[in-house]
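Given next are the chains, with one letter for each unit.
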Amino acid sequence: MWTFLKIIRLNRATVRSLNPLPRGWTVVLRRSCSSASSESRVTNPSILRHLTSKITATGAITVAEYMREVLTNPVSGYYVKNDMLGADGDFITSPEISQIFGELVGIWCVSEWVASGKPKVLQLVELGPGRGSLIGDILRVFHQLQSVLHGAEVSVHLVEVSPKLSQLQAQCLAGEYTCGGEDELVYRTGTTHTGLPIYWYRSVKDVPRGFSIFLAHEFFDALPIHKFQEDEKRQHLEISPEGGVIVQKLASQIAEDGGAALIADYGHDGTKMDTFRGFRGHKLHDVLEAPGTADLTADVDFSYLRRMAGDAVVCMGPITQRAFLKNMGIDARLQVLLRSCHDATTRAQLIHGCDMLTSPEKMGSRFQFFSLLAPSRLTQPWEEGEGLGRRRRGPAPLPVAGFSELGL
């Protein structure tokens, strides 16, 4: 019981005590970052010509193939060539809105590491890191919690297919870095500003084995989907085989090596139907208009991810972003920042950011949090002996931060 209460207090105290941080249909499109206005991208002639030639030569293509070509074509794909985040881009993500988001996710990572017995090796892995804002906030939290992480060999591993974005991530996160060859599994290495080794990969299967905390924020919604019309309760089904394969990979590694995965995205639990859409200039955009100039996305079906994960891991959620952040202590963290901030404009921005993240009418209900955990993480303690001589071996399993309310 002492250990149970200790982790609850650790989470609450950590939230309060962190120093303020600087910041099948067929057809004839992950999101990340932009320095040039989306209005200037009238069209992408290269992608349009490529798709026209492809359809002329081989006939109709699937929605999944269309998404894959438009978003990740190695020559002219939307993610490969553009920096589409921020006010001047096509959309903005939670880490860009408020530093508190990344701080609380960082605390979640530390909490799960502690609850797993403080393994000597801790690999922090993010799929599709965008500009690196989320991982940057997490690394500052890790730096401030060095006394908690003492003794752990922490390393950072980023899975990114976009040369443009990986370059931005390196500039944001690394004090120094070097680039490898195109055929190498690790195509960039470096050292973070806080002194940790950092590596870049094109696929999650290339990340080394070992105890890992996997993060996927607005990653699965951009994976190619197949669309089907069936005579079931839902007239439209959207399935991402690629997303299923990745979840199976995460589940397998977590089951064998320990660790956890935290997935945050637009999504539902097997209830929605036609969600395929485009975003350009922060507005909805026709998915077939000017391919290559807008983000393409579809809500994540978490019931499908749960089925693909199988019985090798324990699945938590999905729960709303509002519930997760409230459970992690966002209100307490906001008050800490407001007490240390005396600039009226900055205070207003902090309040507005938290409202954007948690309001049910904004991002609070639209985004969902989902987690994969090793079964041993939640195994009840076993007892030995009989009668009054029975005694427990090991502490009771700790609660999962974010998915249960923090104790006082």
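For the structure itself, look to the data block above.
Remember, it's a predicted structure, so these values are computed and weren't measured experimentally.

(A) Quick peek at the side chain of threonine 293. For threonine 293, the position within the fold is in the loop between β13 (283-285) and β14 (295-297). One polar contact links threonine 293 to arginine 280, side chain to side chain, over a distance of 3.1 Å.

(B) Summary view of helix α11 (residues 302-309). All buried positions along α11 are accounted for by Phe302, Ser303, Tyr304, Leu305 and Ala309. Of the surrounding elements, those touching the buried residues of α11 are β10 (236-239), α10 (241-257), β11 (259-268), β15 (300-301), β16 (314-320) and β17 (367-373). Positive phi appears at glycine 310, one or two residues downstream of α11, with a value of about 70°.

(C) Representation of the nonpolar core within the structure. Residues Trp108, Leu124, Phe142, Ile213 and Phe324 are the most contacted members of the largest nonpolar core, which totals 58 residues. Among the elements that take part in this core, helix α6 (residues 99-115) stands out by supplying ten residues, more than any other. With 27 residues, the next largest nonpolar core counts Val159, Phe214, Phe219 and Val247 among its residues.

(D) Inspection of helix α9 (residues 163-173) at higher detail. Among all positions of α9, only Leu165, Ser166, Gln169, Ala170 and Leu173 are buried. Seen along its axis, α9 keeps its buried residues to an arc of 140°; they face one direction. As for α9, its buried residues are in contact with α4 (78-81), α7 (133-144), β4 (153-159), β5 (174-179), β6 (186-192) and β7 (197-201).

(E) Seen up close, the sheet that holds strand β12 (residues 277-280). Strands sit in the order β13-β12-β14 across an open sheet of three strands; the sheet is antiparallel. The strands lining the two open edges of the sheet, one partner per strand, are β13 and β14. Strand-to-strand twist of the sheet, defined as the mean angle between neighbouring strand axes without regard to direction, takes the value 40°. Bridge count between β12 and β14: three bridges; the pairing is antiparallel. Bridge assignment links phenylalanine 279 to a residue of β14, and that residue is aspartate 295.

Rules used throughout
- Residues numbered from 1 in each chain as written.
- Predicted model: local features only at pLDDT ≥ 70, side-chain atom pairs only at ≥ 80, totals over all residues.
- Heavy atoms only, no water.
- Helix = DSSP H or I, 4+ residues; strand = E, 2+ residues; numbered from the N terminus.
- Polar contact = N/O pair within 3.5 Å; in protein donor to acceptor, adjacent residues only side chain to side chain.
- Buried < 20%, exposed > 50% of the residue type's maximum accessible area, 1.4 Å probe, protein only.
- Contact = heavy atoms within 4.5 Å.
- Core = buried A, V, L, I, M, F, W, Y, C linked by side-chain atoms within 4.5 Å.
- Arc of directions from axis to C-beta.
- Pairing = 2+ DSSP bridges.
- Axes fitted to C-alpha atoms, helices over the stretch in contact; angles between N-to-C directions.

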